[in-house]
Amino acid sequence: MLTLKQSRRLQSVVLGALAWTVALILFFPIFWMILTSFKTEIDAFATPPQLIFHPTLENYLHIQERSDYFHFAWNSVAIAFGSTIIGMLLAVPAAYSMAFHETRLTKQTLLWMLSTKMLPAVGVLMPIYLMTKSLGLLDTKLSLIIIYTLINLPIMVWMVYTYFKDIPKDILEAARLDGATTVQEIVRVLLPISKGGLASTVLLSLILCWNEAFWSLNLTSSSAAPLTALIASYSSPEGLFWAKLSAVSTLACAPILIFGWISQKQLVRGLSFGAVK
Amino acid sequence: MATLKIRNLRKGFDAIEIIKGVDLDINDREFVVFVGPSGCGKSTLLRLIAGLEDVTGGTIELDGRDITEVSPAKRDLAMVFQTYALYPHMTVRKNMSFALDLAGIAKSEVEKKVDEAARILELGHLLERKPRQLSGGQRQRVAIGRAIVRNPKIFLFDEPLSNLDAALRVQMRLELARLHQELQATMIYVTHDQVEAMTLATKVVVLNGGRIEQVGSPLDLYHHPANLFVAGFLGTPKMGFLKAKVIHTSAQATEIELASGPRLRLPRDGRSLVVGHEVTLGIRPEHLVIDPQGQLPVITDVTERLGSDTYCHMNTPSDEPLTVRVPGDFFCAYGERLKLGVDVSHCHLFDEHGQAVSHALQQAA
Ligand SMILES: Nc1ncnc2c1ncn2[C@@H]1O[C@H](COP(=O)(O)OP(=O)(O)O)[C@@H](O)[C@H]1O
Ligand SMILES: [Mg+2]
């Protein structure tokens, strides 16, 4: 027989092992991608796949020669941050009004906004392509900023809304009685309290923008092309050049992975410091 | 100076009317307590005064100025919430100075006011802490301090003590009473606790179902409840109610027959009553005595010993509960048959609509 304490410990060991397994399965493709990026094209193709090999930087050098990585990276940064900033500027007031001045239509509005996410993007490819074209916005960062903002806005509003919903209404009402205008109420009370949640929303938006490929491939060619387009330019229909593709993918993912990793620490801190308890 | 004049105030949420036409005058330096069962609309009425809810009808005047449509930020009222509603990201000092900072008052002035409020509330050593590092009682003080520094026209309190434990509640109650004396301010206080209402108020407003049942000083309401609701709501233990029939009426006296048989002659002006109609007799525990010569036979139920007093719960033969106050060391066995003497001059008589029947004009000589 196990004592209660022992069975508790066993339970936590089993859960821990399970969590690690899932994490490893999720991480494996990234690990394999990074590994492959340091192989020669021949090693990359070998069957059975090799774990031991002579690492090489030739793929990275090749990419540096063939394309201007920083041009694409700058586009990715500009588009992701541009879209996230505009998105937050729209999402915060929208979520504020829905969370603290609820009307009978609020719930429906939220659901309707989310339902737009169920439409497959390709369904509106033609109209959006044509509109972008007639506005003269093809291959511009602005077009992607606008489209990403619109695509991500429902999720951002929804996320910010749930964070705002957790904040007792009394606190804002207290501010109102203390003489705060609506803007002061939001900027000096609401935003500082919910900064952890807002940071998570910003991070999610950045990641979604950074990884978006459908619209960037269809609406940009060179001058506004972000890193996802760079990756695509290295994929070939015959599936050749695995190593180079891995290298360029690693280069494209690295910034957002590092950024996410750094800000995660801030996020956890922000979340626990701002707690409304 | 702060006077508030409320006229025919109404508030509905969707189709449901919650405040059904309230008229009320609040004078300078009064401590007004809104009391009533939960859900009767006390908080809603307070929030209407604060401007946190839009009125459906009626007007609110503050010092002669119509503020019905004025935003809460411009009403110059301060509110203490049940949940304290402190700003969690600010220190105690910042919490208290927030309103003054918004108003653009000079730093040195703000500091002086915060220090003064902190002194009154004994918060001096906590000024640099965040709300989450404070106990419930300390948070409550900060919430009160936040109101004090503003020197508002009226203080609004919404059940400020209900999240505190019993001992702290009694202590804070005394402090609030002292604060009212010290600040000489006008205060409106919402509670469902009739003890808080009786002990704090200079004026009690009894609310029920969105309407005012009665307004008056605590003792006025205790001794002269206008109707059955007020009579039953104020006082612990509750007033006992006995069903009765009118037998004989005159300007000097009303004779009634209780459901359990005995007849009583009360010094009440019975001219508004109809012989044969139902009335209700109300008797507070302190107006009954155990007396072998008494008019009212009862069977004892449980007793509650408070030390100084003992409350004996009884049932009449018609199974109506009554409570009697007896000295603390009095012993009352369970299931005993006793007789009670009724102090008829202190009884309350309510007509068939639950309205109090007034005292006889002159005491019969
Ligand atoms: N924002 C609101 N929307 C709908 N109904 C409400 C709202 N606020 C209060 N009510 C209703 O009004 C009634 C009175 O509420 P309240 O004033 O909080 O009562 P009290 O403070 O006396 O306990 C309750 O029945 C409550 O459900
Ligand atoms: Mg309430």
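The name recorded for chain B in an unreviewed UniProt entry is Sugar ABC transporter ATP-binding protein, from Pseudomonas asuensis.

Per an unreviewed UniProt entry, chain A is named Mannitol ABC transporter permease, and its organism is Pseudomonas asuensis. Word for word, the UniProt comment on chain A under Sequence similarities (unreviewed entry) is "Belongs to the binding-protein-dependent transport system permease family. MalFG subfamily." In its Subcellular location (unreviewed entry) section, the UniProt record describing chain A reads: "Cell membrane".

J.: Whenever I open this one, the pattern of salt bridges confuses me. Can you help?
T.: Between side chains of opposite charge, pairing is possible as soon as their charged atoms come close. In the structure shown here, the tally under the stated rule is 19 salt bridges over all chains. Across the salt bridge formed by Glu173 of chain A and Arg47 of chain B, the nearest N and O atoms sit 2.8 Å from each other. Pair noted here: Glu173 of chain A is in helix α8 (residues 169-177) and Arg47 of chain B is in helix α1 (residues 42-50), and the two residues belong to different chains. Arg47 of chain B shares its class with Glu173 of chain A; the two are buried. Each of Glu102, Lys107 and Lys165 of chain A takes part in one network of salt bridges that share partners.

J.: Sorry, what's going on with the sheet that holds strand β13 (residues 263-266) of chain B here?
T.: The strands making up a sheet associate through hydrogen bonds between their backbones, and the pairing can be parallel or antiparallel. All names here are of chain B. As summarised here, the arrangement of the five strands in space is β13-β12-β11-β14-β20, forming an open sheet in which the pairing is antiparallel. Unpaired on one side and paired on the other, β13 and β20 (348-350) mark the two borders of the sheet. Here the strands of the sheet are splayed against their neighbours by 40 degrees on average, with no regard to which way each runs. When strand β12 (residues 254-258) meets β13, the two strands line up antiparallel, connected through four bridges. Paired with Glu257 across the bridge in β13 is Arg263.

J.: I'm lost on the confidence of the model for chain A in this one. Help?
T.: Where the model shows low pLDDT, its predicted coordinates should not be examined in detail. For chain A, the average pLDDT comes to 90, and 94% of its residues sit at 70 or higher. Note that pLDDT drops below 50 for residues 273-277 of chain A; the model gives that stretch nine contacts with residues more than four away or on any other chain.

J.: Help me understand the site of ligand 1 in this model?
T.: All names here are of chain B. Looking at ligand 1, the residues that line it are Phe13, Ile18, Ser38, Gly39, Cys40, Gly41, Lys42, Ser43 and Thr44. Between an oxygen atom of ligand 1 and a main-chain N or O atom of Gly39, the distance comes to 2.6 Å. Contacts to ligand 1 include Ser43, whose side-chain N or O atom sits 2.6 Å from an oxygen atom. Contact with the protein chains removes 56% of the 560 Å² of surface that ligand 1 exposes when unbound. Per-element accounting of the shell around ligand 1 gives the leading share, three residues, to α1. Taken together, the residues of the shell around ligand 1 break down into three nonpolar, five polar and one charged.

J.: Just checking my understanding: could you explain the UniProt feature "domain: ABC transporter" (unreviewed entry) in chain B for this structure?
T.: Per the UniProt entry, the sites bearing "domain: ABC transporter" (unreviewed entry) are residues 4-234 of chain B in this numbering. Between the C-alpha atoms that bound residues 4-234 of chain B the distance is 25 Å, and the span itself is 37% helix and 26% strand.

J.: Would you mind showing me how to read the environment of Leu273 of chain B here?
T.: Residue and element names in this part refer to chain B. On the secondary structure map, Leu273 appears in the loop between β13 and β14 (278-283). The spatial distance from the C-alpha of Leu273 to the C-alpha of Lys11 is 36 Å, given a sequence separation of 262 residues. Excluding residues within four positions of it along the chain, Leu273 makes contact with Val246, Thr249, Thr254, Val279, Leu349, Asp351 and Val357.

J.: Please clarify how the interface of chain B and chain A should be interpreted in this entry.
T.: Accessible area lost on assembly of the parts is the figure often given for the size of an interface. At the interface, 24 residues of chain B touch 20 residues of chain A. Roughly 1900 Å² is buried in total at the junction of chain B and chain A, and carbon and sulfur atoms are behind 60% of that figure. At the junction of chain B with chain A, the criterion picks out two salt bridges. Note that Asp178 of chain A is salt-bridged to Arg150 of chain B, the shortest N-O span being 3.3 Å. Counting every contact that joins chain B to chain A gives nine residue pairs in polar contact (both at pLDDT 80 or more). The element best represented in the side of chain B that touches chain A is helix α2 (residues 92-102) of chain B, accounting for four residues. The residue inventory of the side of chain B that touches chain A, partitioned by class, reads 15 nonpolar, two polar and seven charged.

J.: Could you clarify how one ought to interpret the pairing of strand β7 (residues 154-158) of chain B in this entry?
T.: Each regular strand shows side chains that alternate between the opposite faces of the sheet. All names here are of chain B. Burial of β7 is extensive: five of the five residues sit out of reach of the surface. Of the two faces of β7, both are covered, the one formed by Ile154, Leu156 and Asp158 as well as the one formed by Phe155 and Phe157. Sheet analysis places strand β6 (residues 77-80) next to β7, joined by four bridges and oriented parallel. In the sheet register, Met79 faces β7, and the bridge partner there is Leu156. Looking at chain direction, β7 and strand β8 (residues 186-191) are connected through five bridges and run parallel. In the sheet register, Phe157 faces β8, and the bridge partner there is Tyr189. With respect to chirality, the unit in which β7 leads through helix α5 (residues 166-183) into the neighbouring parallel β8 is right-handed.

J.: Looking at this structure, how should I read the domain arrangement of chain B?
T.: All names here are of chain B. The assigned domain composition of chain B is domain 1 (4-224) and domain 2 (237-364). Centre-to-centre, using C-alpha coordinates, domain 1 lies 39 Å away from domain 2. At the interface, four residues of domain 1 touch four residues of domain 2. Together, Tyr222, His223 and His224 form the three largest contributors to the area buried by domain 1 at its contact with domain 2, with a combined 98%. Viewed at the interface, domain 2 and domain 1 are joined by zero salt bridges.

J.: What is the right way to look at the UniProt feature "transmembrane region" (unreviewed entry) in chain A in this model?
T.: Residues and elements named next belong to chain A. Residues annotated by UniProt as "transmembrane region" (unreviewed entry) correspond here to residues 12-35, 77-98, 110-130, 142-164 and 239-262. From the first C-alpha to the last, residues 12-35 spans 32 Å; its make-up is 100% helix and 0% strand. The straight-line gap between the two end C-alpha atoms of residues 142-164 is 30 Å; of that span, 100% is helix and 0% is strand.

J.: I keep staring at empty space enclosed by the protein and nothing clicks. Help me out?
T.: Empty space among the atoms can be located by rolling a probe the size of a water molecule over them. Under the criterion given, the structure shown has two cavities of 30 Å³ or more. Estimated volume of the largest cavity: approximately 50 Å³. At the level of secondary structure, the elements contributing two or more residues to the lining of the largest cavity comprise α8 of chain A together with β6 and α4 (136-148) of chain B. At three residues, the largest contribution of residues to the lining of the largest cavity is made by α4 of chain B. For the lining of the largest cavity, the class distribution of residues is six nonpolar, no polar and three charged.

J.: Would you explain the sheet that holds strand β19 (residues 337-342) of chain B in this entry?
T.: Residues and elements named next belong to chain B. Taking strand neighbours across the sheet as the criterion, the five strands line up as β15-β19-β16-β17-β18 in an open arrangement whose pairing is antiparallel. The sheet is open, and its two edges are formed by β15 (288-290) and β18 (321-327), each paired on a single side. Strand-to-strand twist across the sheet, computed as the mean angle between neighbouring axes with direction ignored, equals 50 degrees. In the sheet, strand β16 (residues 296-305) pairs with β19 via four bridges, with the strands oriented antiparallel. Paired with Ile299 across the bridge in β19 is Arg337.

Calculation criteria
- Residues numbered from 1 in each chain as written.
- Chains lettered and ligands numbered in written order.
- Predicted model: local features only at pLDDT ≥ 70, side-chain atom pairs only at ≥ 80, totals over all residues.
- Heavy atoms only, no water.
- UniProt positions renumbered as here; feature names shortened; annotations may be inferred.
- Salt bridge = Lys/Arg side-chain N within 4 Å of Asp/Glu carboxyl O.
- Helix = DSSP H or I, 4+ residues; strand = E, 2+ residues; numbered from the N terminus.
- Buried < 20%, exposed > 50% of the residue type's maximum accessible area, 1.4 Å probe, protein only.
- Pairing = 2+ DSSP bridges.
- Axes fitted to C-alpha atoms, helices over the stretch in contact; angles between N-to-C directions.
- pLDDT = per-residue confidence, 0-100.
- Contact = heavy atoms within 4.5 Å.
- Near = heavy atom within 4 Å.
- Polar contact = N/O pair within 3.5 Å; in protein donor to acceptor, adjacent residues only side chain to side chain.
- Areas by Shrake-Rupley, 256 points an atom, 1.4 Å probe, with all protein chains shown as cover.
- Nonpolar A, V, L, I, M, F, W, Y, C, P; charged D, E, K, R; others polar.
- Buried area = accessible area lost by both parts, 1.4 Å probe.
- Right-handed = clockwise from strand over helix to strand, strands pointing away.
- Domains from an automatic or database assignment.
- 1 Å grid on protein atoms, 1.4 Å probe; cavity = no way out; pocket = protein on both sides within 12 Å on 5 of 7 lines; lining within 4 Å.
- Points joined across faces, edges and corners; volume = space filled by probe spheres on them.

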